[in-house]
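# Architecture at a glance
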Amino acid sequence: MKDILVVFTGGTIGSSNSEGTIDTDPSNSYKLIDLYRKAHDTEQAIQFKCLQPLQMLSENLHPRVWTTLINAVEAENPDQWAGIIITHGTDTLAYTAAALGLYFNKITVPLLLVSSNYPLDDGRANGLANFACAVEYIKRQMRAGVFVPYRNLLQTMHLHSGVRLASSLQLSGDFISVQFKHHMEFGGQGFIEMNEYRPKPCITNGPKLLPVFSDNIMMIKPYPGLNYSHLDLSGVDAVLHDLYHSGTACSSMQWGESFSLVAFVRRCRQEGLVVYLAPAIKSEAAYQSTYELMDAGAKMVWNMSIEAAYVKLCLAFGNYEHEQEIKDFMASDIAGELL
């Protein structure tokens, strides 16, 4: 088997707990490999090449980090490896998974992001199990693409599509995918059980992208009493507005224009900005408030997670200048991100 490329970026999986403070630790980066050797590869049958282009806690991530990470991977010629494993923190894991999944939509080898809910020295940590799952997936020469293996608390291993991973559940370290999960159980004998789901094939004639992500996409989360008059739109490329679970947000003028998304959409149009809405499942019927938002000029990003929608907009405005190009890119299924 070819060697595996391991790219360390920091995060909890590369951190230590010192007197109650968790932070990245330069001496901790290669501990993951050592732990894997002791538990799963005592004869060192698998060879790893390791590099560390970044060392940061993932909550400090900026879109420019994705460019640095992509450049580091591409400099190593991804096709020459059996697979690629990237360690990452959990806080922004879903965003980086979407960024890599969309950008590397034509990758010919497995690329897996591995994280940990606790530092590796903590007995509760799932980082080693997640890493072992990633290695086993590569060893079995399974489908190419970007994936995230992650073991939730007291559950079997889940293998998530990178472009479908949602952020961790509130007050929890567990992760889910939008609409589906690819389940697998990883035990002493490797993969014990898997379901029948297989990711969509990559689009072979998809666009060739530059690793350029706009950092001027404003994302807004709805909540009762959101006052849009407080928002400054200077320097913004576009607005992505999150929605409640039924694909809605306040469209009523009952409390005044400052609290209505309809009025805010019109304000953005006057300033030459498009407001995109996500997530929402496209169906035969929608709420009246949803239609009012679309009638006002908002663009619905149907059937895509909010994380994937945000990253895709960052890519769109980083790669294209013309409105039609951006529209076509957002509507096309690049890496199976559309439900």
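For the structure, see preceding data.
Read on for a plain summary of the structure.

What counts, and where the lines are drawn
- Residues numbered from 1 in each chain as written.
- Predicted model: local features only at pLDDT ≥ 70, side-chain atom pairs only at ≥ 80, totals over all residues.
- Heavy atoms only, no water.
- Buried < 20%, exposed > 50% of the residue type's maximum accessible area, 1.4 Å probe, protein only.
- Disulfide = S-S within 2.5 Å.
- Patch = residues over 30% accessible without salt bridge, like charges linked within 9 Å, V, L, I, M, F, W, Y side chains within 5 Å.
- Areas by Shrake-Rupley, 256 points an atom, 1.4 Å probe, with all protein chains shown as cover.
- Salt bridge = Lys/Arg side-chain N within 4 Å of Asp/Glu carboxyl O.
- Lys, Arg positive; Asp, Glu negative; His and termini not counted.
- Charge placed at Lys NZ, Arg CZ, Asp CG, Glu CD.
- Helix = DSSP H or I, 4+ residues; strand = E, 2+ residues; numbered from the N terminus.
- Phe/Tyr/Trp six-rings, centres within 6.5 Å; stacked < 30°, edge-to-face > 60°.
- Contact = heavy atoms within 4.5 Å.

### Considering unusual backbone geometry
A cis amide bond links alanine 278 to the next residue, proline 279, at an omega of -5°. Even without being glycine, asparagine 77 reaches a positive phi, approximately 55°. The exposure class assigned to asparagine 77 is partly exposed, which follows from its relative accessible area of 41%.

### Let's talk about the state of the cysteines
Each disulfide consists of a covalent bond between the sulfur atoms of two cysteine residues. Across all of its chains, the model carries 0 disulfides by this definition. Unpaired in terms of disulfides, cysteine 250 finds its nearest cysteine sulfur in cysteine 268, a separation of 15 Å.

### A few points about a positive patch on the surface
A surface patch of positive charge is lined by Arg266, Arg269, Lys299 and Lys327. Residue position: lysine 327 is located in helix α8 (residues 323-331). On the accessibility criterion, lysine 327 (54% relative accessible area) is exposed.

### Observations regarding the packing of aromatic side chains
What describes a pair of aromatic rings is the distance from one ring centre to the other and the angle between the planes of the rings. Enumeration over the complete set of coordinates arrives at 11 aromatic pairs. Each ring, one from phenylalanine 8 and one from tyrosine 30, has its centre 5.1 Å from the other, and the planes form 65°; the classification is edge-to-face. Of the two residues, phenylalanine 8 sits in the loop between β1 (4-7) and β2 (15-18) while tyrosine 30 sits in the loop between β3 (21-24) and α1 (31-40), which places them 22 residues apart along the sequence. For phenylalanine 8, a relative accessible area of 3% corresponds to the buried category. Note on tyrosine 103 and phenylalanine 104: the rings are 5.0 Å apart at their centroids and 85° apart in plane angle, and the pair reads as edge-to-face.

### Describing the side chain of serine 289
Inspection of the secondary structure assignment puts serine 289 in helix α6 (residues 288-295). Not counting residues up to four positions away in its chain, the partners in contact with serine 289 are Thr248, Ala249 and Ser251.

This is a description of form; function is not addressed.
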